[in-house]
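Each chain, letter by letter, is given below.
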Amino acid sequence: MKKNKHSLVYKNIFFYRLILNILYIGAYKKRYLSIIEKINVNKDKKIVELCFGDTIIADWCKKNNLSWAGIDINDNFILEAKKKKHIAEKKFINHNTYIERNDLLIIAGSLYHFNINI
């Protein structure tokens, strides 16, 4: 299998957080918190996050006894998630991707990565 080549931003979670904090003008974590505040802890028990990058939502889910699983193609992000004992899987997201039934599916800030011909 051909090894994925990622830019510096995606090679290390530290650089990823630093660059995104700059791009979001210091409001990087706030973008995740705005998603978290919409999660219904009484209803959304099984959550899958596509192209998760960081584990802010995963960490919050763990603290609130919610099931979280992440899907990404970045080995570095998957490794970081697994170090924190989160379920993370390497999978390419395309029209053939099977995603099992979940209460909530999250994809935030990643749609620009997909080349969609309409």
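Residues numbered from 1 in each chain as written. Predicted model: local features only at pLDDT ≥ 70, side-chain atom pairs only at ≥ 80, totals over all residues. Heavy atoms only, no water.

An order of β3-β2-β1-β4 is seen for the 4 strands of this open sheet, with the pairing classed as parallel. Where the open sheet ends on each side, the last strands, each with one partner, are β3 (87-90) and β4 (104-107). Between one strand axis and the next, the sheet turns by 20° as a mean value, whatever way the strands run. For strand β2 (residues 67-72) and β3, the ladder comprises 4 bridges, and the chain directions are parallel. Opposite D72, over in β3, you have K90 as the bridge partner. Running at roughly 165° to β2, helix α4 (residues 56-63) makes contact with β1 (46-50), β2 and β4 of the sheet. (Pairing = 2+ DSSP bridges. Helix = DSSP H or I, 4+ residues; strand = E, 2+ residues; numbered from the N terminus. Axes fitted to C-alpha atoms, helices over the stretch in contact; angles between N-to-C directions. Contact = heavy atoms within 4.5 Å.)

A few words now on the pairing of β2. Here 5 bridges tie β1 to β2, and the two strands are oriented parallel to one another. Across the sheet, residue K46 finds its bridge partner in β2, namely S67. A crossover links β1 with its parallel partner β2, the connecting element being α4, and its sense is right-handed. For the crossover that starts at β2, traverses helix α5 (residues 75-83) and ends in the parallel β3, the hand is right-handed. (Right-handed = clockwise from strand over helix to strand, strands pointing away.)

Right, let's talk about the packing of aromatic side chains for a bit. For the structure on display, the rule yields 7 aromatic pairs. Plain terms: the ring middles of Y28 and Y32 are 5.3 Å apart, the flat faces sit at 90° to each other, and that makes the pair edge-to-face. Taken as a pair, Y28 and Y32 lie in helix α3 (residues 28-36) at a separation of 4 residues, close to a single helical turn. Arranged with centres 5.3 Å apart and planes meeting at 85°, the rings of F52 and W68 form a pair that is edge-to-face. Remark: W68 occurs in strand β2 and F52 occurs in the loop between β1 and α4; sequence separation between them is 16 residues. Summarising the burial analysis for this pair, F52 and W68 share the class buried. Among the aromatic side chains, those forming a connected cluster through ring pairs are Y10, Y16, Y28, Y32 and F77. The ring of Y32 carries R31 above its face, with NZ or CZ at 4.9 Å from the centroid. (Phe/Tyr/Trp six-rings, centres within 6.5 Å; stacked < 30°, edge-to-face > 60°. Buried < 20%, exposed > 50% of the residue type's maximum accessible area, 1.4 Å probe, protein only. Lys NZ or Arg CZ within 6 Å of the ring centre and 35° of its normal.)

The analysis is restricted to geometry; functional conclusions fall outside its scope.
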